[in-house]
Amino acid sequence: MSLPRPVTDALDTALDKVVLAGYSSIGPALRRRWWPADPPAGALAGKHVLVTGASRGIGLAAAADLARLGASVHLLGRDQSRLDEAAAGIRVSVPNADVVPETCDVSDLEAVRAYAARTLETVPEIHALIHNAGVMPETRSESPQGIELTLATHVVGPLLLTELLRPALAAADGSRVLVMSSGGMYSAPLLDSWAHDLQHREGTYRGIRAYARTKRLQVLLAERLATRLADDGVVVHSMHPGWASTEGVAESMAGFNRVMRPILRDARSGADTLVWLTAAPEAASSTGLFWCDRRARSTTYLPWTKADPRLERQVWDSLAAMAGIDHAPA
Ligand SMILES: NC(=O)c1ccc[n+]([C@@H]2O[C@H](COP(=O)([O-])OP(=O)(O)OC[C@H]3O[C@@H](n4cnc5c(N)ncnc54)[C@H](OP(=O)(O)O)[C@@H]3O)[C@@H](O)[C@H]2O)c1
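Residues numbered from 1 in each chain as written. Predicted model: local features only at pLDDT ≥ 70, side-chain atom pairs only at ≥ 80, totals over all residues. Heavy atoms only, no water.

Colleague: Looking at this structure, how should I read the overall build of the chain?
Modeller: Within the chain, the regular secondary structure consists of 13 helices and eight strands. Taken over C-alpha atoms, the radius of gyration comes to 19 Å for the chain, in line with the 20 Å a tight globule of 330 residues would show. Accessible area for the chain stands at about 14,000 Å²; split by element, carbon and sulfur atoms hold 55% of it. Taken together, the 34 basic and 36 acidic charged side chains of the chain have centroids lying 6 Å from each other. (Helix = DSSP H or I, 4+ residues; strand = E, 2+ residues; numbered from the N terminus. Rg over C-alpha atoms; globule rule 2.2 N^0.38 Å. Areas by Shrake-Rupley, 256 points an atom, 1.4 Å probe, with all protein chains shown as cover. Lys, Arg positive; Asp, Glu negative; His and termini not counted. Charge placed at Lys NZ, Arg CZ, Asp CG, Glu CD.)

Colleague: Just checking my understanding: could you explain the pattern of salt bridges for this structure?
Modeller: Where charged atoms of side chains with opposite charge meet at close range, the side chains can pair. Summed over all chains, the structure comprises 15 salt bridges. Between Arg56 and Glu251 there is a salt bridge; the shortest N-O distance is 3.0 Å. Pair noted here: Arg56 is in the loop between strand S1 (48–52) and helix H4 (57–68) and Glu251 is in helix H10 (residues 247–252), with a separation of 195 residues, a long-range link. For Arg56, a relative accessible area of 32% gives the class partly exposed. What makes Glu251 exposed here is its relative accessible area of 55%. (Salt bridge = Lys/Arg side-chain N within 4 Å of Asp/Glu carboxyl O. Buried < 20%, exposed > 50% of the residue type's maximum accessible area, 1.4 Å probe, protein only.)

Colleague: I keep staring at a nonpolar patch on the surface and nothing clicks. Help me out?
Modeller: A surface patch of nonpolar side chains, about 210 Å² in accessible area, is lined by Leu3, Val7 and Leu11. Its place among the elements puts Val7 in helix H1 (residues 5–17). Among the residues examined, Val7 registers a relative accessible area of 36% and is labelled partly exposed. (Patch = residues over 30% accessible without salt bridge, like charges linked within 9 Å, V, L, I, M, F, W, Y side chains within 5 Å.)

Colleague: How do you make sense of the packing of aromatic side chains when you look at a structure like this?
Modeller: Enumeration according to the criterion identifies five aromatic pairs in this entry. Seen from their ring centres, Tyr186 and Phe290 are 6.0 Å apart, and the 80 degrees between their planes marks the pair as edge-to-face. With Tyr186 in the loop between strand S5 (176–180) and helix H8 (192–195) and Phe290 in strand S7 (residues 290–292), this pair connects stretches of sequence that are 104 residues apart. With relative accessibility at 2%, the residue Phe290 sits in the buried group. (Phe/Tyr/Trp six-rings, centres within 6.5 Å; stacked < 30°, edge-to-face > 60°.)

Colleague: I keep staring at the site of the ligand and nothing clicks. Help me out?
Modeller: Close to the ligand lie 30 residues, the nearest being Ser55, Asn132, Tyr211, Ala244 and Thr246. Within the side chain of Arg78, one N or O atom sits 2.8 Å away from an oxygen atom of the ligand. In this structure, Asp105 approaches the ligand through a side-chain N or O atom, which is 2.8 Å from a nitrogen atom. Relative to its free-state accessible area of 890 Å², the ligand is covered by the protein chains to the extent of 94%. Of all the elements in the fold, those that place two or more residues in the shell around the ligand are H4, helix H9 (207–228) and H10. Residue composition of the shell around the ligand, grouped by class: 12 nonpolar, 13 polar and five charged. (Near = heavy atom within 4 Å. Polar contact = N/O pair within 3.5 Å; in protein donor to acceptor, adjacent residues only side chain to side chain. Nonpolar A, V, L, I, M, F, W, Y, C, P; charged D, E, K, R; others polar.)

Colleague: Got a minute to help me understand the packing of helix H7 (residues 149–171) against helix H13 (residues 309–323) in this structure?
Modeller: Helix packing for two helices is described by the angle between their axes and how far apart those axes are. Relative to each other, H7 and H13 sit at 75 degrees, their axes nearing to 9 Å. Put simply, H7 runs roughly perpendicular to H13. On the side of H7, the interface is formed by Leu151, Val155, Val156, Leu159 and Leu160, while H13 contributes Trp316, Leu319, Ala320, Met322 and Ala323. Here the contact of H7 with H13 is composed, by residue class, of 10 nonpolar, no polar and no charged. (Axes fitted to C-alpha atoms, helices over the stretch in contact; angles between N-to-C directions. Parallel < 35°, antiparallel > 145°, perpendicular 65-115°, else oblique. Contact = heavy atoms within 4.5 Å.)

Colleague: What exactly am I supposed to notice about the sheet that holds S7 here?
Modeller: Strand pairing within a sheet occurs via backbone hydrogen bonds; the two strands may be parallel or antiparallel. The eight strands lie next to each other as S3-S2-S1-S4-S5-S6-S7-S8, forming an open sheet whose pairing is mixed. At either margin of the open sheet sits one strand with a lone partner, and together these are strand S3 (98–103) and strand S8 (295–297). The sheet shows a mean angle of 25 degrees between the axes of neighbouring strands, direction not considered. Examined bridge by bridge, S5 and strand S6 (residues 235–239) share five bridges and lie parallel to one another. Looking across to S6, one finds that Val177 is bridged to Val236. Of the strands in this sheet, strand S2 (72–77) and S3 touch helix H5 (residues 80–93), which is tilted by about 170 degrees from S3. (Pairing = 2+ DSSP bridges.)

Colleague: What exactly am I supposed to notice about unusual backbone geometry here?
Modeller: Most peptide bonds adopt trans geometry, and most residues besides glycine take a negative phi value. With a phi close to 55 degrees, His200 is a non-glycine residue in the positive phi region. Summarising the element assignment, His200 is placed in the loop between H8 and H9. You can call His200 buried: its relative accessible area is 8%. Backbone geometry at Arg294 places phi at a positive 60 degrees, although glycine is not the residue there. Relative to the helices and strands, Arg294 is located in the loop between S7 and S8. Assessed through its relative accessible area of 6%, Arg294 is described here as buried.

Structure, rendered in structure tokens:
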């Protein structure tokens, strides 16, 4: 029996409010009854897709499903041997998979520049650039350019990489940039109290707080890039994957992982919306939205936590300066 749209909309929103149900494996188990159809077989044939953080976890699961849809998938990570192993695993599970393991530490702006230059020489059209790489370090550390690691990995590196690959994104029809944020960003509305300290220098460093704040900044990044790339015909979305069982979660949130493991999504389910946004034509008809389980979601739970545009502009200016890009007009 199929339920009428207003009923499924209400059910879907209610699941979101009850975080435990919406974020766990219960969310997709229910929502798949009404969410939009899977992309057709071969939807990405002949298209190049770049996935950062593809050596394991959600990025690896996404890369395998993108290869299944026919894409040439570029797997990016910090370690060539881990990437080679990941690519070999995909080739075993996906016959004829076209996967290219490529080292690029997205937190290192020099590495990003070198990678982008190499890629532009060999890949004239990029269908999708997926910023999935993520970290939650216990202690404060900095990238080679002196940028705090979560900020460099989640925001500044992805901003620069997008900017440099813009010609190849603009050259492809229906291209998209996708940013993997986290539901944790709901706990970190953009506020004056921390927006002046993007480098997490003040007070005691807490990895989970730096993570949540930079995941909030990823939502702003996607919104700003959506405006910036609109004239190039490139759409930009951010999303969160719910809670998925990955090595990253087991390492960084051991207690949470122990308690929640029975109801966590698997990595493939965590990657579902990423893959859908990459391949579904519907995802190209909007831009600058925040998604989970194949549906655009609000970026704040409470209306009064919406950021002030002045503060957003100020933060965007700082991020653009760190990435060394000309920040007009977004
Ligand atoms: N799992 C969840 O429940 C969950 C929930 C919310 C959001 N997320 C987000 O989803 C994404 C994937 O999470 P996950 O759980 O799959 O994490 P994971 O298992 O820790 O995987 C993270 C990936 O990022 C790569 N990486 C880290 N730093 C990098 C850098 N500087 N340059 C290039 N690659 C880098 C790692 O590869 P190397 O170490 O080989 O470089 C690895 O492939 C992250 O952005 C995370 O914040 C996950």
